[in-house]
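# Report on the structure
Here's the letter readout for the chains.
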Amino acid sequence: MSVKVVVGKNILDANEKNADDLRKVFHESGVRVVNMLGSPGSGKTSILQKVIPGLSPLRVAVIEGDIATTRDAERLSSLGIQVVQITTLGACHLDASMVSRAVSEIDLSTVDLLFIENVGNLVCPASFDLGEDLRILVLSVAEGSDKPLKYPAAFLTSQAVIINKKDLIPYTDFSLESAVAEIRSMKSSLEIFEVSCRTGEGIERLCGWIEDWAKGKVEVSK
Ligand SMILES: Nc1nc2c(ncn2[C@@H]2O[C@H](COP(=O)(O)OP(=O)(O)OP(=O)(O)O)[C@@H](O)[C@H]2O)c(=O)[nH]1
Ligand SMILES: [Mg+2]
């Protein structure tokens, strides 16, 4: 039992060192980095498809993490931006060494803002720092409003939460009020955005906030 704990700690320590090295590279290149995580199908790629065109003054690139296929990378490359795919071949999260290899494929001097879409998973990605400046968690209403307290690490290590698929609320038992209250009770500084990629509701406010953050006009508390 103790051996397992030590091994796990070593993996996280090694990742932390790689993440710190990455963070230095990003800062020296003047690139702001967002790690997006959330359950499979919560809408991470859909949000990027909606938000990136609204960030037009900024030069955006994306690193796409998936267990298999290049489907999400193909969806995003139609936006005419640099997209690099990481195929984890089964691993349930990205780690900093994978991101490091992907970053070597990107000309950072041509990028202001880098999104990293993590593997769809509400558990493992929370433990792996990717050298990001901002972590955004996507929660879709179809997942249920009880999820924040059930998956605390994902929420507590993020600085913003996007509640997506608001258009589906009438067809679910999702309570926006209780989800927001639960998130606030866990970490009051979390910025919360309610959006629908289907109707476009909330996307403009989200774009404005990300742009302001990327330009250093908005501070987030870790
Ligand atoms: N009704 C509705 N459907 C949505 C919305 N956002 C995304 N979807 C749909 O939800 C499904 C999953 O969306 P994706 O963007 O692929 O989700 P994802 O989080 O990137 O999924 P993975 O990368 O597989 O983890 C797709 O069929 C989208 O069209 C929304 O706001 N409303
Ligand atoms: Mg996706």
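Just above, that's the structure.
Residues numbered from 1 in each chain as written. Chains lettered and ligands numbered in written order. Predicted model: local features only at pLDDT ≥ 70, side-chain atom pairs only at ≥ 80, totals over all residues. Heavy atoms only, no water.

Further remarks concern the overall build of the protein. Helix and strand counts for the protein stand at eight helices and seven strands. Since a compact globule built from 222 residues should have a radius of gyration of about 17 Å, the 17 Å found for the protein is in line with a globular shape. Considered along the principal axes of its C-alpha atoms, the protein spans approximately 50 × 45 × 35 Å. For the protein, buried positions account for 50% of its 222 residues. Contacts spanning at least 24 positions in sequence make up 72% of the contacts within the protein whose residues lie at least 6 apart. Carbon and sulfur atoms make up 54% of the accessible area of the protein, which amounts to about 10,300 Å² in all. On the protein, the mean spot of the 24 positive side-chain charges and the mean spot of the 30 negative ones are 2 Å from each other. (Helix = DSSP H or I, 4+ residues; strand = E, 2+ residues; numbered from the N terminus. Rg over C-alpha atoms; globule rule 2.2 N^0.38 Å. Buried < 20%, exposed > 50% of the residue type's maximum accessible area, 1.4 Å probe, protein only. Contact = heavy atoms within 4.5 Å. Areas by Shrake-Rupley, 256 points an atom, 1.4 Å probe, with all protein chains shown as cover. Lys, Arg positive; Asp, Glu negative; His and termini not counted. Charge placed at Lys NZ, Arg CZ, Asp CG, Glu CD.)

For the rest of this paragraph, the subject is empty space enclosed by the protein. Tallied over the full model, the rule gives one cavity of 30 Å³ or more. By volume, the largest cavity amounts to about 30 Å³. Every residue lining the largest cavity is listed: Met 36, Ile 47, Leu 48, Val 51, Phe 115, Ile 136, Ile 162, Leu 206 and Ile 210. Of all the secondary structure elements, the ones that give two or more residues to the lining of the largest cavity are helix 2 (44-51) and helix 8 (203-214). Per-element accounting of the lining of the largest cavity gives the leading share, three residues, to helix 2. Across the lining of the largest cavity, the residue classes break down as nine nonpolar, no polar and no charged. (1 Å grid on protein atoms, 1.4 Å probe; cavity = no way out; pocket = protein on both sides within 12 Å on 5 of 7 lines; lining within 4 Å. Points joined across faces, edges and corners; volume = space filled by probe spheres on them. Nonpolar A, V, L, I, M, F, W, Y, C, P; charged D, E, K, R; others polar.)

On to the layout of surface pockets, then. Looking at the largest pocket, its volume works out to about 360 Å³. Lining the largest pocket are 23 residues, with Gly 41, Ser 42, Gly 43, Lys 44 and Ser 46 positioned closest to its centre. Residue assignment for the lining of the largest pocket shows that the elements contributing at least two residues are helix 2, strand 2 (60-66) and helix 3 (71-77). The dominant element in the lining of the largest pocket, judged by the number of residues it contributes, is helix 2, at three residues.

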